[in-house]
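Below, each chain spelled out in residue letters.
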Amino acid sequence: MIPRSNTTSYLMLVIAALIFASNHVIGRHLNDVLPPFGTAFWRFAIGAMVTLPFAWPAFVKSWDHIRSNFWFFLFLSLLFVPLGNGLIYLSYQWTTATNGGVVTTVQPAATVLLSALIFGELINKKQGAGLIIATIGVFVILTRGNIESLLQLKFNNGDLTLILAMFAAALYNVLLRKVPQEITIPVLLFTVQVLGTLVSFPIYIAETYFFRPMPINGEIIFTLLWIGIAVTSLAVGLNNAVVRNLGANKASISNYLRALFTALLAILLIGEVFEAYHGIAFILVISGIWLLSMGKSISEN
């Protein structure tokens, strides 16, 4: 049974996963239009402008903590913005949506592995079983209930790029535990957004010159505003709060929810038909999430 004190965290996790799912749908829809690192740059630049009025007073008060941990925050920003997000957009230049969905399930396992290596944090048998069951549920969706289609997948440079992005995002989540408690969630979010924008800027300029500039039209502006405000400010902020409370291992279940929500949004927005395998996958993922919730959270420890 999920402790009452963690109910809010799991609700935040669900909301964040739904918003993140919209980001994947957008990324797949506009992968041949949006420059990967330009998208990451403007996404986090817009996010920083949105977060600024909420974070600035506390940011000023926390400046000494930020300055004394500057290189740590810079490393977090490098992991999360150009590596954890820019590489995701880049990967879809080569790989298919199906392959991408399979590869993103690497992140929960990577989170468990990195948590064990860095902090000695292990999962219990129920959580391990939940991890496996939820992964099977995601694969049911990705293969449309036909396991033979999974065996026919061929992995390419895009898949390898996405694996690197998943490990970068997993390491970011694991290292959030090292952020000083004096740093509030809005301050952490704003700091990563600003530093992430700065470290992405040179890559964005090179990409504009050598690969593809950022197009400017109504659809692109609306897209950037959505991923900058909803995804980068709201969803990432909720994710940071959940990781701090539940720990990186439990919070990684959002990846499975994200895969489910991505499929559901595809049904609603693209017109795909709800099939029996969707229902089977939903039951498997929810069962896996319930098992993963077993055990103590960071706050309880």
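Keep in mind that what you see is a predicted model, and the values were worked out from it rather than measured. (Residues numbered from 1 in each chain as written. Predicted model: local features only at pLDDT ≥ 70, side-chain atom pairs only at ≥ 80, totals over all residues. Heavy atoms only, no water.)

1. Brief notes about the overall build of the chain
Which entries qualify depends on this criterion: Only DSSP runs of H or I with at least four residues qualify as helices, and only runs of E with at least two residues qualify as strands; both kinds are numbered from the N terminus onward. Only protein chains enter the accessibility calculation, which uses a 1.4 Å probe; a residue is then buried when its area is under 20% of its type maximum, exposed when over 50%, and partly exposed in between. Contacts between residues were defined by any pair of non-hydrogen atoms, one from each residue, lying within 4.5 Å.
Broken down by element type, the chain carries 14 helices and zero strands. Sequence-ordered secondary structure for the chain, helices as α and strands as β, is α-α-α-α-α-α-α-α-α-α-α-α-α-α. The buried share of the chain, reckoned over its 301 residues, is 54%. In the chain, of all internal contacts separated by at least 6 residues, the share reaching a separation of at least 24 is 93%.

2. Observations concerning the side chain of Gln193
Convention followed: Nitrogen and oxygen atoms within 3.5 Å of one another constitute a polar contact, given that in protein one can donate a hydrogen and the other can accept it, and given that sequence-neighbouring residues count only through two side-chain atoms.
Note on placement: Gln193 falls in helix α10 (residues 185-210). Among the polar contacts made by the side chain of Gln193, one reaches the main-chain amide nitrogen of Ala48 at a distance of 3.4 Å. Within the structure, Gln193 has its side chain in polar contact with the side chain of Thr51 (distance 3.0 Å). If we skip the residues at most four places from it in the chain, Gln193 touches Phe44, Gly47, Ala48, Thr51, Thr232 and Ser233.

3. Quick word on the pattern of salt bridges
Our working rule: Think of a salt bridge as a Lys or Arg side-chain nitrogen and an Asp or Glu carboxyl oxygen that are within 4 Å of each other.
The full count for this structure, using the stated rule, is one salt bridge. As a salt-bridge pair, Arg67 and Asp64 come within 3.1 Å of each other at their nearest N and O atoms. Here Arg67 pairs with Asp64, and both are found in helix α3 (residues 63-68), just three residues apart, close to one helical turn. Assessed through its relative accessible area of 48%, Asp64 is described here as partly exposed.

4. Regarding the environment of Phe73
Considering the arrangement of structural elements, one finds Phe73 in helix α4 (residues 70-91). Those residues in contact with Phe73 that sit more than four places away from it in its chain are His65, Ile66, Val179, Pro180, Ile183, Leu188, Thr191 and Leu195.

5. Observations regarding the packing of aromatic side chains
Formally: In summary, the pairing rule links any two rings of Phe, Tyr or Trp, Trp by its six-membered ring, whose centres are within 6.5 Å, and it sorts them by plane angle into stacked for under 30 degrees, edge-to-face for over 60 and tilted for everything else.
In the structure shown here, the tally under the stated rule is twelve aromatic pairs. Here the aromatic rings of Phe41 and Tyr204 are separated by 4.9 Å at their centres, their planes lie at 25°, and the arrangement is stacked. In this pair, Phe41 is assigned in helix α2 (residues 36-61) and Tyr204 in helix α10, connecting sequence segments 163 residues apart. Using a relative accessible area of 9% as the deciding quantity, one classes Phe41 as buried. Where Phe80 meets Tyr172, the ring centres are 4.3 Å apart and the plane angle is 25°; that geometry is what we call stacked. Remark: Tyr172 occurs in helix α9 (residues 157-175) and Phe80 occurs in helix α4; sequence separation between them is 92 residues. Here Phe80 and Tyr172 have matching classes, each one buried.

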